[in-house]
Amino acid sequence: MAYDITVNGTTHHVDVDGDTPLLWVLRDVLAMTGTKFGCGAGLCGACTVQLDGVATRSCITRVDSLGDAAVTTIEAVGATAAGASVQKAWLEGQVPQCGYCQSGQIMSASALLARNPDPTDAEIDVAMAGNICRCGTYPRIRAAIRAAAR
Ligand code: FES
């Protein structure tokens, strides 16, 4: 089946089964490998992208469910105001350790700041609760989000 999906402002015509997860369309069809596979079950957040600005787990999002939603990935989130602030804060705060989860962390943090430019610590914790980091970079993630919000 063929689907037209808009990723980072460009519409792509992809020929895949409707139940193909968006994650694999991004990585295997469109060669956008910044979005990572972790659990494949919607539990870890490594695969987070934004659908119309909302943080979404691409591993459990079927391509046939996208409709007209605009997909934003880590490859282009820096072109948004919130994404640029978050990426700058991530660099200045030296947030990553191994780095594997960090594109998902940045996508969730950017979605949070785009809808709530000055979140409380509790709001940060709620927004980021679905993004797991095995290296335990959570204190640096919170600090970077606070820095990006300034
Ligand atoms: Fe999608 Fe873990 S890979 S939530």
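Before any of the text, the structure's been laid out above.
Please read these numbers as outputs of a predicted model, since none were measured by experiment.

Undergrad: Provide a residue-level description of the nonpolar core, including the pertinent values.
TA: In terms of nonpolar packing, the biggest core is built from 37 residues, with Leu-22, Val-86, Ile-106, Met-107, Ala-109, Leu-113 and Ala-144 touching the most fellow members. Listing elements by their share of this core, those giving two or more residues are β1 (2-7), α1 (22-29), α2 (81-92), α3 (102-115), α4 (121-128) and α5 (138-149). With seven residues, α3 is the largest single contributor of residues to this core. Looking at this core, you find at least three residues from each of domain 1 (2-72) and domain 2 (78-149). If sequence neighbours within four positions are ignored, Leu-22 has contacts with Val-49, Ser-58, Thr-61, Val-63, Leu-66 and Val-71.

Undergrad: Outline the packing of α3 against α4, listing residues and values.
TA: Viewed as axis vectors pointing N to C, α3 and α4 meet at an angle of 135°, and their least axial separation amounts to 9 Å. Relative to α4, α3 is oriented oblique. For α3 against α4, the interelement crossing comes out right-handed. For the pair α3 and α4, the contacting residues are Ser-108, Ala-109 and Leu-112 in the first and Ile-124, Ala-127 and Met-128 in the second. A per-class count over the contact of α3 with α4 returns five nonpolar, one polar and no charged.

Conventions we followed
Residues numbered from 1 in each chain as written. Predicted model: local features only at pLDDT ≥ 70, side-chain atom pairs only at ≥ 80, totals over all residues. Core = buried A, V, L, I, M, F, W, Y, C linked by C-beta atoms within 7 Å. Buried ≥ 20, exposed ≤ 12 C-beta atoms within 10 Å, placed from the backbone. Helix = DSSP H or I, 4+ residues; strand = E, 2+ residues; numbered from the N terminus. Domains from an automatic or database assignment. Contact = placed C-beta atoms within 7 Å. Axes fitted to C-alpha atoms, helices over the stretch in contact; angles between N-to-C directions. Parallel < 35°, antiparallel > 145°, perpendicular 65-115°, else oblique. Left-handed = near helix turned anticlockwise from the far one by under 90°. Nonpolar A, V, L, I, M, F, W, Y, C, P; charged D, E, K, R; others polar.

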